[in-house]
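Below, each chain spelled out in residue letters.
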Amino acid sequence: MTDRSRSDGGATELDRLIGWLDERTGFAEVTRGALRKVFPDHWSFLLGEVALFCYVVLVATGVFLTFFFAADSRPVTYDGPYVPLHGAQVSAAFDSVMRLSFEVRAGLLMRQIHHWAAVVFVAAIVIHVCRIFFTGAFRRPREINWLVGFGILVLALAAGFTGYSLPDDLLSGTGLRIFYSVAESIPFIGPWFAYLFFGGEFPTVELLGRLYVFHIMLIPALMIGGITVHLAILWIQKHTQYAGGRARETNVVGRHFWPGQVFRSTGLFLLTAAIIAVVGGLVQINPVWVYGPFVPFAVSSPAQPDWYIGWLEGALRLGPNWEPTILGVTIPSLFLPGIVVPTVLFGGFALWPFIEARLSGDHREHHILQWPWQAPVRLAIGSAVLTLFVMLTIAGGNDVLAVFLHVGVEELTQTLRILAFVAPLVVAAIAYRLAIERRRRDAEDEQ
């Protein structure tokens, strides 16, 4: 592909910078090619950068938190400044989080910035993935990068869950108990897998240490590797772009990497970090002192996880009370909503580029994006899946919603079970019809 771009007034500075780097590296052509890389201007392309910058904030605040957190399940007596818990027996991990929140200077601020950054990080990835999906940016030759991005999303969910579970409070302990039950529900190998991962029968003293290793070492290492590969493939393949103006399948129209894109990205990073810092300083999140320490025989109510895991909680709450027996083994009711449904949804999501290419017969290279209405079937399926996730997330808070609406939990659950099937179909039909109508109007306008 040939790079074409508009002038952004940086030619003189660019030549000076290349000359300075060439004197010190001797790679003039490589340097010139890198700095003259062109990036499209559309605002939606910044969503991936927002996710990347959130991850930078996560790493920076996470390093600070590791200096004070103790991944230790040993019981201690709390004697800190939070009076309601004075004399209570808590784990060393919970005690360290309380000390971090109330005694370490800026500790609570760093905790809340870290948590809010995680929430925004996953949200930015999800919106970024939706943009890629609905515009067809995953089509050949970008199928591999789609799979890499899918892996980053899964790792982000895993990082969020493991980090959420580390404080050893009653709410996170409830989530871990649910995760243990879901792992146990896997036919034949479930009990052994759960025993291996948790280090015994839940709760175990080894669990926090294992989650800590996953959260600060294994998952971040895989994520950094995935992000590096993701950006490298993007750099080599060049960016997709929307149709219009001088944009063609054989060029890229936009800003040079230097100085336009560098300064814009730097400004976006500072803005992203500033907004997350302000929100972290003003809006409370995950107040573990309100939930109290984890007690195996107690459950906090209401108990809902962060939004990006709430859909799985909702699937468990809507799951049928059905336990068939296969080869003498009873399949627990948690297996269908906790294992089968996520596997089908995420499996189809990961393989979608190949599924669409096979069904449509389109194996050509694409560097120009589509508007969502130009692919009605894709728009309908994507809208249906998003609606399903919304319904499941709502179901994850059915107890709170029932109190708010003054209705019974059982009646609300039955209604949500129906809506989980009906709503996606209705939304898909509406999206498909609107897309067909928009395509028809575009065709008339062209004539």
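Residues numbered from 1 in each chain as written. Predicted model: local features only at pLDDT ≥ 70, side-chain atom pairs only at ≥ 80, totals over all residues. Heavy atoms only, no water.

A. Highlighting empty space enclosed by the protein. In this structure the tally under the stated criterion is 1 cavity of 30 Å³ or more. There is about 50 Å³ of room inside the largest cavity. Taken together, Lys37, Val38, Phe39, Leu234, Trp235, Lys238 and His239 form the lining of the largest cavity. Within the residue set of the lining of the largest cavity, elements represented by two or more residues are strand E2 (38-39) and helix H9 (207-237). Of the residues in the lining of the largest cavity, the class split is 4 nonpolar, 1 polar and 2 charged. (1 Å grid on protein atoms, 1.4 Å probe; cavity = no way out; pocket = protein on both sides within 12 Å on 5 of 7 lines; lining within 4 Å. Points joined across faces, edges and corners; volume = space filled by probe spheres on them. Helix = DSSP H or I, 4+ residues; strand = E, 2+ residues; numbered from the N terminus. Nonpolar A, V, L, I, M, F, W, Y, C, P; charged D, E, K, R; others polar.)

B. Quick peek at the environment of Arg438. Turning to its location among the elements, Arg438 is positioned in helix H17 (residues 409-446). Remark: the alpha-carbon pair of Arg438 and Trp373, spanning 65 residues in sequence, is separated by 6.6 Å.

C. Local environment of the pattern of salt bridges. With the rule as written, the count across this model stands at 11 salt bridges. The shortest N-O distance in the salt bridge between Arg440 and Glu437 comes to 2.3 Å. One end of the pair is Arg440 and the other is Glu437, both in helix H17 and 3 residues apart, which spans about a single turn. Taken together, the shared-partner salt bridges in this structure form one network comprising Arg433, Glu437, Arg440, Arg441 and Glu444. (Salt bridge = Lys/Arg side-chain N within 4 Å of Asp/Glu carboxyl O.)

D. Representation of the packing of aromatic side chains in the model. According to the stated counting rule, one finds 29 aromatic pairs in the structure shown. Considering the side-chain rings of Tyr242 and Trp371, the 4.8 Å spacing of their centres and the 20 degrees angle between planes classify their relative orientation as stacked. With Tyr242 in the loop between H9 and strand E5 (251-252) and Trp371 in the loop between helix H14 (352-360) and helix H15 (376-395), this residue pair connects regions lying 129 residues apart in the sequence. We classify Tyr242 as buried; its relative accessible area is 12%. A residue is classified by how much of its surface remains accessible, and Trp371, at 34% relative accessible area, is partly exposed. When the ring of Trp371 is compared with that of Trp373, the centres are 5.7 Å apart and the planes differ by 5 degrees; the resulting orientation is stacked. Positioned above the aromatic ring of Trp373 is the side chain of Arg438, whose terminal nitrogen or guanidinium carbon lies 3.9 Å from the ring centre. (Phe/Tyr/Trp six-rings, centres within 6.5 Å; stacked < 30°, edge-to-face > 60°. Buried < 20%, exposed > 50% of the residue type's maximum accessible area, 1.4 Å probe, protein only. Lys NZ or Arg CZ within 6 Å of the ring centre and 35° of its normal.)

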